[in-house]
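So you can see what is in the structure, the chains are spelled out below.
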Amino acid sequence: MRVIVVENKREMGRRAADLVVAEMARHHNPVLGLATGSTPLPLYEDLIRRHRDDGLDFSTCITFNLDEYVGLEGDHPQSYRHFMNEHLFDHVNVNKRNTHVPSGNTMDLDRIEAICEEYEQRIDDVGGIDLQVLGIGGNGHIGFNEPGSSLGSLTRVKTLTTKTRQDNARFFDSFDEVPTYAITMGIGTILNARRVLLLASGENKADAVAAALEGPVTASCPASTLQLHRYATFVIDSAAAGRLQLEGYEH
Ligand code: GLP
């Protein structure tokens, strides 16, 4: 695994953007897997700046987001579709028809199952994901693959843990409004991406980052499964790197 430790969030965004831009340059139709949460925001800000100042072109990009809450319409301010429009898609020249976020606007389980299957199919149809961007939950989750998720799982519905709902309650008016279910790419979907780029910042991620990088590969820490990936890169700030024990990480 390649681990790059940088000073702060801003630098994390810049280094991550370098890697995303390099990946975009490798393909005629780059397929990017994208993540939500506060962590990737510096990355998206940097990409928007490069689009504005340097003409970075997103017109041929295809994107797939990791996950979406179940029970929120796409225009709900806390839906991940809304998040992506607001923080990236509305500010660059990506064709919105080429941006995919699982649709969570139904509570019908049969329909949700079909949505999950279609999502996997669409990823396959474009030849798979070239680069998957990830954040990490305080409990080591990636996407919404909570501890205990099957290592081979594909896109499906998951029940969110109380910790995840509490962590994400800051974006809602109250804890009770945080959805209980989400559609998420599986760990298998993520491991199928040709490259993976995990970002983490802040001391509250230090335990999860240490478990992911230096702990055993275990479903108890879904991010640790990235140790099985051939091209996984972590770009983390020094606070998130604070509990790492091994030496020799890149700076
Ligand atoms: C949510 C998302 C994850 C994200 C995590 C961490 O649970 N489903 O993809 O990594 O939050 O969020 P943050 O970056 O805000 O700490």
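Now for a quick tour of the structure. Note that the structure is a prediction, hence the values are computed from the model and not measured.

## As for the side chain of Arg156
Looking at where Arg156 falls in the secondary structure, it is placed in strand β7 (residues 156-159). Glu120 provides the closest opposite charge to the buried, salt-bridge-free Arg156, at an N-O distance of 7.7 Å. At 3.5 Å, the side chain of Arg156 forms a polar contact with the side chain of Ser149. In this structure the side chain of Arg156 is engaged in a polar contact, spanning 3.3 Å, whose partner is the side chain of Ser153. When near neighbours in sequence (up to four residues on either side) are disregarded, Arg156 contacts Cys116, Asn145, Ser149, Ala182, Ile183, Thr184, Met185 and Gly186.

## A word on the site of the ligand
Every one of the 13 residues lining the ligand counts as a neighbour, but Ser38, Thr39, Asp67, His141 and Lys205 are closest to it. Take His141: an N or O atom from its side chain is 2.9 Å from an oxygen atom of the ligand. If the ligand stood free it would expose 390 Å²; the protein chains cover 93% of that surface.

## Overview of the sheet that holds strand β8 (residues 181-184)
Sheet strands pair by backbone hydrogen bonding; their relative direction is either parallel or antiparallel. What the three strands build is an open sheet, ordered β4-β8-β7; its pairing is antiparallel. Each end of this open sheet is capped by a strand with a single partner; those strands are β4 (67-69) and β7. Across the sheet, the mean angle from the axis of one strand to that of its neighbour is 30°, orientation sign disregarded. Pairing geometry for β7 and β8, over four bridges, is antiparallel. Among the inter-strand pairings, Lys158 is bridged to a residue of β8, identified as Ala182.

What counts as what
- Residues numbered from 1 in each chain as written.
- Predicted model: local features only at pLDDT ≥ 70, side-chain atom pairs only at ≥ 80, totals over all residues.
- Heavy atoms only, no water.
- Helix = DSSP H or I, 4+ residues; strand = E, 2+ residues; numbered from the N terminus.
- Buried < 20%, exposed > 50% of the residue type's maximum accessible area, 1.4 Å probe, protein only.
- Lys, Arg positive; Asp, Glu negative; His and termini not counted.
- Salt bridge = Lys/Arg side-chain N within 4 Å of Asp/Glu carboxyl O.
- Polar contact = N/O pair within 3.5 Å; in protein donor to acceptor, adjacent residues only side chain to side chain.
- Contact = heavy atoms within 4.5 Å.
- Near = heavy atom within 4 Å.
- Areas by Shrake-Rupley, 256 points an atom, 1.4 Å probe, with all protein chains shown as cover.
- Pairing = 2+ DSSP bridges.
- Axes fitted to C-alpha atoms, helices over the stretch in contact; angles between N-to-C directions.

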